[in-house]
Amino acid sequence: MLRVWKKLLSFIMNNLQAKIEGENIMENAPYSQIQKGTFLIATPEIEGEFFFRGVVLICEHNANGSFGLLINKNLELELPEEIININQLENPHISLRAGGPIQTNQMMLLHDSSQVEYQTLKITDEVFLGGDLQFLQEILTNQNGSFVHLCFGYTGWSGGQLEREFLDGHWFLHPASNQHVFHTPPEKLWQTLLREMGGKYATLSMIPEDLTLN
């Protein structure tokens, strides 16, 4: 069974790469398709602690480089009371995410609140990045508060690096949405996005996470 899955994966990936080359994506698409508010979906061939079946939300992309946050990797971490006082935590919509392998001690707020637009960067509709500690404390103590991911670390690429990775077949692209950022269970996000893309992508979503178990 393992051999069958590997042959299927190789066949699908080769066909997808041929389709990319046939549509002249190398000439026209990198800057028009990879943009702020795009999901990068790791192909099944990507391995490693952070990016295996990872979904990255692109927060900025230009000729100088790209910056994004992994949003489907839960993180278990005890935070100092000056950041989160468990005794005062009333908002049930707070979650911790491993945002990427760079500066993992740095925390960034990804949320759906437009109350502090002057402090935040709009990524896509109802998805914002940023906010100060006072903003965070107000959200934490509100039972009906915003959905918030506390992201530790981030992902980054130098100018042209992400485009090369995309053209080499390491990533699929999908428009980001509030629904998928905050409401789709992180452990199901990778498969859900591929199924929405349909066709060969939907087939990839059915490949077992551990091929040795089949």
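A brief structural summary. (Residues numbered from 1 in each chain as written. Predicted model: local features only at pLDDT ≥ 70, side-chain atom pairs only at ≥ 80, totals over all residues. Heavy atoms only, no water.)

Here we look at the overall build of the chain
When its secondary structure is counted, the chain shows 8 helices and 9 strands. Evaluated residue by residue, the chain yields a buried proportion of 49% over its 214 residues. Carbon and sulfur atoms make up 48% of the accessible area of the chain, which totals about 11400 Å². (Helix = DSSP H or I, 4+ residues; strand = E, 2+ residues; numbered from the N terminus. Buried < 20%, exposed > 50% of the residue type's maximum accessible area, 1.4 Å probe, protein only. Areas by Shrake-Rupley, 256 points an atom, 1.4 Å probe, with all protein chains shown as cover.)

Considerations on the packing of aromatic side chains
Here the structure, examined in full by the defined rule, presents 5 aromatic pairs. On the numbers, 6.5 Å between centres and 45° between planes, the contact of F147 with F182 is tilted. Note that F147 is positioned in the loop between α4 (133-140) and β8 (148-158) and F182 in helix α6 (residues 178-183), a separation of 35 residues in sequence. For F182, a relative accessible area of 8% puts it in the buried group. Ring geometry for F172 against Y201: centres 5.0 Å apart, planes inclined by 85°, an arrangement best described as edge-to-face. Highlighted residues: F172 in strand β9 (residues 171-175) and Y201 in helix α8 (residues 199-205), separated in sequence by 29 residues. The class for F172 is buried, based on a relative accessible area of 7%. (Phe/Tyr/Trp six-rings, centres within 6.5 Å; stacked < 30°, edge-to-face > 60°.)

Focus: the nonpolar core
Among the nonpolar cores identified, the biggest contains 25 residues, and F39, L57, L69, I71, L110, L129 and V181 are the most heavily contacted of them. Elements supplying a minimum of two residues to this core: β1 (38-42), β2 (55-62), β3 (65-70), β5 (102-111), β7 (127-130), β8, α6 and α7 (186-197). Examining the composition of this core, we find that 4 residues originate from one element, α7, more than from any other. The contacts of L110, once residues within four sequence positions are left out, are L57, L69, I71, V127, F128, L129, F147, V148, H149, C151, V181 and F182. Judged by nonpolar contacts, the second largest core, of 13 residues, contains L70, L162, W171 and L173. (Core = buried A, V, L, I, M, F, W, Y, C linked by side-chain atoms within 4.5 Å. Contact = heavy atoms within 4.5 Å.)

With respect to the side chain of T124
As for its position among the elements, T124 is in strand β6 (residues 120-124). Not counting residues up to four positions away in its chain, the partners in contact with T124 are G37 and A176.

Quick notes on α7
Along its 12 residues, α7 runs 18 Å from first to last C-alpha, staying within 8% of the 16 Å computed at 1.5 Å per residue. What α7 keeps buried is the set P186, L189, W190, Q191, T192, L193 and L194. Contact partners of the buried residues in α7: β1, β2, β4 (94-98), β9, α6 and α8. Looking one or two places after α7, you find G198, whose phi comes out positive at around 75°. (Expected span 1.5 Å × (residues − 1).)

Topic: the state of the cysteines
Counted by the stated rule, this structure contains 0 disulfides. No disulfide involves C59; its nearest neighbouring cysteine sulfur is the one of C151, lying 8.0 Å away. For C59, a relative accessible area of 0% gives the class buried. A relative accessible area of 0% places C151 in the buried class. (Disulfide = S-S within 2.5 Å.)

Focus on the pattern of salt bridges
This model, assessed by the stated rule, comprises 1 salt bridge. Residues D125 and K122 are paired through a salt bridge, measuring 3.4 Å at the closest nitrogen-oxygen approach. (Salt bridge = Lys/Arg side-chain N within 4 Å of Asp/Glu carboxyl O.)

Section: the environment of E209
You can see E209 is positioned in the segment after α8. Distance in space between the C-alpha atoms of E209 and P44 is 8.7 Å, their sequence separation being 165 residues. With near-sequence residues (within four places) excluded, E209 lies in contact with F52 and R53.

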